[in-house]
Amino acid sequence: MDLSVPVTDDVKLHFRHRPGTASPAFLLVHGMASNARMWDEVADHLAAAGHAVYAADLRGHGESDTPEKGYDTPTAVADLVAACAALGLSEVVVAGHSYGGNVSVRLTAEHPELVAGLALVDGGWLEPAKAFPSWEAFAGALRPPALDGATVQSVSDYFRDIHPDWSPAAIEAAVATMRENPDGSLSRRMTLEQHTSMLRSIWDEPPSPWYPAISVPTLLMPAIPKGADPQWADRIRTRIETTTATLRGAALREYLDSEHDLHAQHPRRVAEDLLDLARTVRQARALH
């Protein structure tokens, strides 16, 4: 079910919704230059277990509106808060992928009444100022690729080549991060200026200052890349453990030999881990 939810006087967010009655509901937040459809297969498993699921398209992404301004973490959080109010949501399990993890951290810290559990899917600990020598180097590395001559078919073929274990639905979702034009060509949904604004927010506003304010059950779900030798894998673990040291009581579930888009590559396993987090949330409620 598709929902269009007003979050300001002139901006509506699009949600992919699956109904359910089991508690808690799930709020799924995609990463930068991604979209809600990337969560579809995870959402199907969560809904099959009886849970309501709301997968958001952030502004400028997917089927949500693309206003001129507002491409930063505080605005993304404000949009989700307004959407939760409109949808009547509270005490959800929020799962954020990549930059969506950063957004989810701040949402949880600033609005504890809305979030009962937090899952960070290979994100939520992004601190590029510690990984890049300068803002310019970071912005250059994450500059969106040119789409000259790109078509739905050519990009679908490309994604199938580099993600051979993704389902057809996941490939279609990845292509949907771009806008399909009437002639079959593809274009970016955001302008370069809007994309750069989001990058600047990631650079200027790391999530770690918000960790001490978070007390809900939290699950860290990092990807350990395929081919990572033990030393490389240990560096990833150490970086995450050091960065999230002030995130109290967080549990760690590693995904070995995996890609950044865990929800596309391993939807059943991601869903199982999120359902396990939901059980932990229910147990924590029972103790209070």
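Calculation rules
- Residues numbered from 1 in each chain as written.
- Predicted model: local features only at pLDDT ≥ 70, side-chain atom pairs only at ≥ 80, totals over all residues.
- Heavy atoms only, no water.
- Helix = DSSP H or I, 4+ residues; strand = E, 2+ residues; numbered from the N terminus.
- Rg over C-alpha atoms; globule rule 2.2 N^0.38 Å.
- Buried < 20%, exposed > 50% of the residue type's maximum accessible area, 1.4 Å probe, protein only.
- Contact = heavy atoms within 4.5 Å.
- Areas by Shrake-Rupley, 256 points an atom, 1.4 Å probe, with all protein chains shown as cover.
- 1 Å grid on protein atoms, 1.4 Å probe; cavity = no way out; pocket = protein on both sides within 12 Å on 5 of 7 lines; lining within 4 Å.
- Points joined across faces, edges and corners; volume = space filled by probe spheres on them.
- Nonpolar A, V, L, I, M, F, W, Y, C, P; charged D, E, K, R; others polar.
- Phe/Tyr/Trp six-rings, centres within 6.5 Å; stacked < 30°, edge-to-face > 60°.
- Lys NZ or Arg CZ within 6 Å of the ring centre and 35° of its normal.
- Axes fitted to C-alpha atoms, helices over the stretch in contact; angles between N-to-C directions.
- Parallel < 35°, antiparallel > 145°, perpendicular 65-115°, else oblique.
- Left-handed = near helix turned anticlockwise from the far one by under 90°.

Engineer: Looking at this model, I keep getting lost on the overall build of the chain. Mind explaining?
Structural biologist: Within the chain one finds 10 helices and 12 strands. For 288 residues, the compact-globule estimate of 2.2 N^0.38 gives 19 Å, and the C-alpha radius of gyration of the chain, at 18 Å, lies within 12% of that figure. Over its C-alpha atoms, taken along the principal directions, the chain stretches across nearly 60 × 45 × 35 Å. Sorting the 288 residues of the chain into buried and exposed places 52% on the buried side. Long-range contacts, defined as pairs at least 24 residues apart, comprise 75% of the intrachain contacts of the chain with a sequence gap of at least 6. Total accessible area on the chain stands at roughly 13000 Å², and carbon and sulfur atoms take up 53% of it.

Engineer: Looking at this model, I keep getting lost on the layout of surface pockets. Mind explaining?
Structural biologist: Over the atoms rolls a probe the size of a water molecule, and in doing so it shows where empty space is left. Empty space within the largest pocket amounts to approximately 1500 Å³. Along the walls of the largest pocket sit 48 residues, with M32, A33, S98, L142 and H260 positioned nearest its centre. Broken down by secondary-structure element, the contributors of at least two residues to the lining of the largest pocket are α5 (152-162), α7 (192-204) and α8 (230-243). In the lining of the largest pocket, the residues fall into 26 nonpolar, 13 polar and nine charged.

Engineer: How should I be thinking about the packing of aromatic side chains in this particular structure?
Structural biologist: Two measures describe an aromatic ring pair: the distance that separates the ring centres and the angle between the ring planes. Under the defined criterion, the tally for this structure stands at five aromatic pairs. Each ring, one from W135 and one from W203, has its centre 6.2 Å from the other, and the planes form 65 degrees; the classification is edge-to-face. Of this pair, W135 sits in helix α4 (residues 135-141) while W203 sits in helix α7; the two residues are 68 residues apart in sequence, bridging distant segments of the chain. Each member of the aromatic cluster is reached from another via a ring pair, and the members are F132, W135, F138 and W203. Between R200 and the ring centre of W135, over which it is positioned, the NZ or CZ distance is 4.4 Å. Sitting over the face of the ring of Y255, R269 holds its NZ or CZ atom 3.7 Å from the ring centroid.

Engineer: Got a minute to help me understand the packing of helix α1 (residues 40-48) against helix α10 (residues 267-286) in this structure?
Structural biologist: Helices that pack against each other are described as a pair by the angle of their axes relative to one another and the distance between those axes. Between α1 and α10, the shortest axis-to-axis distance is 8 Å and the interhelical angle comes to 45 degrees. Overall, the two elements α1 and α10 adopt an arrangement that is oblique. Between α1 and α10 lies a crossing whose hand is right-handed. Two secondary-structure elements touch here, α1 through E41, V42, H45 and L46 and α10 through P267, R268, V270, A271, L274 and L275.

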